[in-house]
Amino acid sequence: MNNMSANQEEIDMMLTQMGADVTSLHGIISFIRFNLDQTELFYVYNINAKNQYFLQMVKPYPAAAGVFSKSQAMVQYIKNDIKQFINASNSNVFQEFIAVNQNLYDSIQTIKDVFMTYNVPKDKMLEIKEKAGEISAVLDEIKNTSSVL
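If you're wondering where the values come from, they're calculated on a predicted model, not measured in any experiment.

1. Remarks on the packing of aromatic side chains
- This model, assessed by the stated rule, comprises 7 aromatic pairs.
- Seen from their ring centres, Phe31 and Phe42 are 6.1 Å apart, and the 15° between their planes marks the pair as stacked. With Phe31 in strand E2 (residues 29-36) and Phe42 in strand E3 (residues 39-47), this residue pair connects regions lying 11 residues apart in the sequence.
- Exposure remark for Phe31: the relative accessible area of 25% places this residue in the partly exposed category.
- Ring geometry for Phe85 and Phe94: centres 6.3 Å apart, planes at 90°, overall edge-to-face. Of the two residues, Phe85 and Phe94, both sit in the buried class.
- Among the aromatic side chains, those forming a connected cluster through ring pairs are Tyr61, Phe85, Phe94 and Phe97.
- In this arrangement the basic side chain of Arg33 is found over the ring face of Phe42, its NZ or CZ atom lying 4.4 Å from the centre.

2. Quick notes on unusual backbone geometry
- Here the amide bond leading from Lys59 into Pro60 is cis, since omega sits at 15°, within 30 degrees of zero.
- Mapped onto the fold, Pro60 is located in the loop between strand E4 (53-59) and strand E5 (63-68).
- Although it is not a glycine, Asp37 sits at a positive phi angle of roughly 45°.
- Here Asp37 lies in the loop between E2 and E3.
- According to the relative accessible area criterion, Asp37 is exposed, its value standing at 81%.
- Phi angles above zero are rare outside glycine, and Asn51 is one such case at about 60°.
- Relative to the elements of secondary structure, Asn51 occurs in the loop between E3 and E4.

Conventions we followed
- Residues numbered from 1 in each chain as written.
- Predicted model: local features only at pLDDT ≥ 70, side-chain atom pairs only at ≥ 80, totals over all residues.
- Heavy atoms only, no water.
- Phe/Tyr/Trp six-rings, centres within 6.5 Å; stacked < 30°, edge-to-face > 60°.
- Helix = DSSP H or I, 4+ residues; strand = E, 2+ residues; numbered from the N terminus.
- Buried < 20%, exposed > 50% of the residue type's maximum accessible area, 1.4 Å probe, protein only.
- Lys NZ or Arg CZ within 6 Å of the ring centre and 35° of its normal.

This is the structure:
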């Protein structure tokens, strides 16, 4: 057994102890699934050639979680994420939150596809930038005026 496989087995065991259903493929990639009431959290991670851990959330919406140099940091990130999802699921706008994140992910993919496929006029790119700025401004307003869960 090589060092990467041993590290992955240790991580998978810790995540299983947290309640995850973990599936590993040949010591290359692991799939992590948590069922929280009506929400499924699904993550994928792999250990790269630099012995770093690349983590992505797949469900309830796709999002890169980051690259971690230590397995404990990645597991802690997942623990914190679960805690936040459990807390946020009590919100009366939780399903809208999920839908908005999925929509934003789809929009990011569409922006990339349009930009890579078409000669986008500068005024249209500036319009997209302005709309993204408007979303950021609304989020900043919420952070500055709303109470913490």
